[in-house]
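One letter stands for each residue in the lines below.
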Amino acid sequence: MANSVRRSVCPYDCPDTCGLLVEIADGKAVKVTGDPDHPFTRGFLCSKMNRYQETAHSPNRLTSPLLRTGRKGSGQFRRIPWPEAITRISTRWREIIAKNGAEAILPYSYSGTMGIVQRNAGHPFFYRLGASRLDRTICSPAKHAGWKAVMGGTLAPHPDEVMESDLVILWGIDAVATNVHFLHGVREARRKGAKVWVIDTYETPTTGMADRAFLVCPGSDGALALGMMSVLVAEDLVDRNFLAVHAQGFDELCRDVLSDFSPQKASLLTGLPVETIRDMARAYGKSIAPFIRLGSGLSRYANGAMTCRTIVCLPALVGAWAKRGGGLLASAASGSAFSTKAVTREDFMVRSTRIVNMNQLGRALTQMDDPPVLSLYVYHANPAAVTPDQNEILKGLSREDLFTVVHERFMTDTAAFADIVLPATSSLEHGDLYSSYGTYCVQRARPVIRRVRESKSNWEVFGLLAEAMGFDDGFFRQSEDDLIEHLLSTPSAMREGIDSDALDSGKAVELRLPTGYKTQFLTVSGKIQIINLREQEPLPRYTPSSEGTYPFRLMTAPARNFLNSSFRERDDLRAKDPAMLLRINPSDAGRKGLKDGERVSAFNDLGEVSFILRVTSKVPEGVVVADGIWWLTHCPGERSVNALTSQRLTDRGAGSTFYDNTVDVRKELR
Ligand SMILES: Nc1nc2c(c(=O)[nH]1)N[C@H]1C(S)=C(S)[C@@H](COP(=O)(O)OP(=O)(O)OC[C@H]3O[C@@H](n4cnc5c(=O)[nH]c(N)nc54)[C@H](O)[C@@H]3O)O[C@H]1N2
Ligand SMILES: Nc1nc2c(c(=O)[nH]1)N[C@H]1C(S)=C(S)[C@@H](COP(=O)(O)OP(=O)(O)OC[C@H]3O[C@@H](n4cnc5c(=O)[nH]c(N)nc54)[C@H](O)[C@@H]3O)O[C@H]1N2
Ligand code: SF4
Ligand SMILES: [Mo]
């Protein structure tokens, strides 16, 4: 029988949200390629997904529920049947609730799958249970806070808008690794004569494709934006007509902020020469339609929200929003195409329970609040690896009195610490609806392969747990398909006019953006809020990131061949990046007496991590770079990078500060 080909969607936390074509033989995926009909994927996938069958059918997949038999973290388990696993969980939870109340139970989930149903499947269950709530702010809430302060609910430009730009700025984003399909539009713009800039803290693969790369001191981009603004104003390169009609607060910005912000000051803070800052401002001010693609890297600092807010003001000064091809893309907002509320069901909340910030899981597990966290339920996340302050998290997970359940596809660092492990489906085995934060496409995925052994989807497991906990609401008895149908039948303004049959059939469908949306500013005044009186700081200003006490700023950026800690199960991908590297500038290495290829230890007050040193002039002095989040089992030492990152939060949005750390480096003492 000929193999069949079915459509699916990349479920990972990536702005591209690619459409997949899955070739199937005997219920198994044998080949996965990019959907040529998907308007953003254009038939090509990144290095991670174009062999996705090797993840779905990996020999490392968990195949049945497991019960811990060794000490915590030893990874010793025995198989148990599903009914026993569910009974053990519900029995233990009933005991905890009777003694300490349901707030002693904490869910932890994030972005293993981005589908609306599977991603949010636990919310109604934990609301109904009365568990502690999790503030899901590990990714980029500071960037959103910065955007919102200036632009309110304004729709971000369509990513293809970049094709019409004559100056593209990739600001704090290593798009070759994290937004590769966006680069199609960037290349198209360049073919038509556009210049491409990258602003980062070291030379990334993306700086290699740029006309100019500007390397700034970590956390200083707000100062660069203000320095550029002061030049724009001094040299009369601002669009006063646009500002008068579409913005509020330009005069106050000039009077209260820019009057005291020279390019010299920006130079001191960013490390860029004064002339470079002037050049940048002139080129920005003189380009016809500058387009900024704003990454999240620079938002993961103690000053991250203010940095983003300041940069978001730049396009208004030159009137870029009114130009075809101009503007700034922070995140596309296709999420409201479906009613996420119909899945999360906040109305099931029995009372307003305690909220735990996910970046401070370590604290929540080790500081015995009232009630202490006595049970942790982790699904589609790997906090032992991805969450800051790994040492404190591992200390918490090692508590013998903590009852930990982990629903996973693989034996991750977190699963190794579980009392009960439940096997999860891959996205090819369950259905869902997908929106995107980098495009305006939406897509439905149906299960396309046979279940891998005893795995169950997030939605199915919460159905079983609801039954075991005696929740009688019919909501929990729906199938995932029922819920998907419900979401599709609930109208939304964003889906108006789209081809619903195509959506139902599994094709990617683009949402229609309203005509003139780029100058419809969805703020209280209808104007771009350079000044926002509802903010504690009404105007953007330079605020410093945190002061570290160690000599090197540590960059902990995403790795190209992995996605957070996902894909570490893949031998083929690990072979591409065989060593856990720490990159350092030759002068710094020389000063420290360190050599390329040797084992070193990076350390600070929080922990110590072993790396293999790579000496390279791509990293400026005073910065060290460790990309990717490794599983502990593959690390050269006993810890991975997040043993060096802190639980401190951002200025707004209570986000993570993954890049705002300092370390020292020494030869490994062995
Ligand atoms: N291959 C791959 N793709 C991914 C991921 C992955 O792990 N691997 N992760 C996914 C997820 S969850 C997300 S949220 C997105 C993340 O994507 P983003 O956070 O939007 O962007 P990154 O490309 O991670 O950007 C981090 C970049 O910011 C730079 N940077 C750090 N500090 C500063 C600074 O102070 N100033 C400037 N100008 N630059 C700075 C870093 O050096 C790095 O190049 O990517 C998604 N896609
Ligand atoms: N040092 C450092 N740390 C970071 C970052 C950084 O830039 N630097 N980035 C941060 C960011 S932006 C993010 S978003 C977080 C992401 O952190 P996480 O959300 O924890 O993401 P992953 O590491 O990809 O882990 C997801 C897990 O979900 C599992 N999974 C996949 N699909 C399913 C499913 O359907 N059901 C279940 N039950 N499990 C499933 C996968 O096997 C995988 O182990 O990491 C953060 N950590
Ligand atoms: S990880 Fe991103 S680029 Fe790769 S296939 Fe998925 S959505 Fe596309
Ligand atoms: Mo993220």
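Everything numeric in this text was worked out from a predicted model, so none of it was measured.

## Quick notes on the domain arrangement of the protein
- Segmentation of the protein into domains returns domain 1 (66–137 + 338–435 + 461–478), domain 2 (141–330 + 520–529) and domain 3 (552–667).
- Once you take the C-alpha centre of each, domain 1 and domain 3 turn out to be 29 Å apart.
- When domain 1 packs against domain 3, the two sides together hide about 1900 Å² of surface, and 47% of this comes from carbon and sulfur.
- On the domain 1 side of the contact with domain 3, Asp-389, Gln-390 and Asn-391 bury the most area, a combined 26% of that side's loss.
- At the boundary of domain 1 and domain 3, one finds zero salt bridges.
- Our count for the domain 1 to domain 3 interface comes out at 18 residue pairs in polar contact (both at pLDDT 80 or more).
- Those elements that place two or more of their residues in the side of domain 1 that touches domain 3 are α15 (361–366), α16 (383–386) and α17 (390–397).
- Ranked by residues supplied to the side of domain 1 that touches domain 3, first place goes to α17 with four residues.
- Tallied by class, the residues present in the side of domain 1 that touches domain 3 amount to seven nonpolar, 11 polar and six charged.

## Focus: the site of ligand 1
- Asp-200, Gly-219, Asp-221, Ser-296 and Phe-562 are the nearest of the 33 residues found near ligand 1.
- Here Ala-177 contributes a backbone N or O atom positioned 2.8 Å from a nitrogen atom of ligand 1.
- At 2.8 Å, a backbone N or O of Asn-564 approaches an oxygen atom of ligand 1.
- For ligand 1, the accessible surface in isolation is 900 Å², of which the surrounding protein chains cover 97%.
- Taken together, the elements giving at least two residues each to the shell around ligand 1 come down to α6 (175–178) and β9 (195–200).
- Taken together, the residues of the shell around ligand 1 break down into 17 nonpolar, nine polar and seven charged.
- Counting contributing residues, the shell around ligand 1 receives three or more from each of domain 2 (141–330 + 520–529) and domain 3 (552–667).

Criteria and cut-off values
- Residues numbered from 1 in each chain as written.
- Chains lettered and ligands numbered in written order.
- Predicted model: local features only at pLDDT ≥ 70, side-chain atom pairs only at ≥ 80, totals over all residues.
- Heavy atoms only, no water.
- Domains from an automatic or database assignment.
- Buried area = accessible area lost by both parts, 1.4 Å probe.
- Salt bridge = Lys/Arg side-chain N within 4 Å of Asp/Glu carboxyl O.
- Polar contact = N/O pair within 3.5 Å; in protein donor to acceptor, adjacent residues only side chain to side chain.
- Helix = DSSP H or I, 4+ residues; strand = E, 2+ residues; numbered from the N terminus.
- Nonpolar A, V, L, I, M, F, W, Y, C, P; charged D, E, K, R; others polar.
- Near = heavy atom within 4 Å.
- Areas by Shrake-Rupley, 256 points an atom, 1.4 Å probe, with all protein chains shown as cover.

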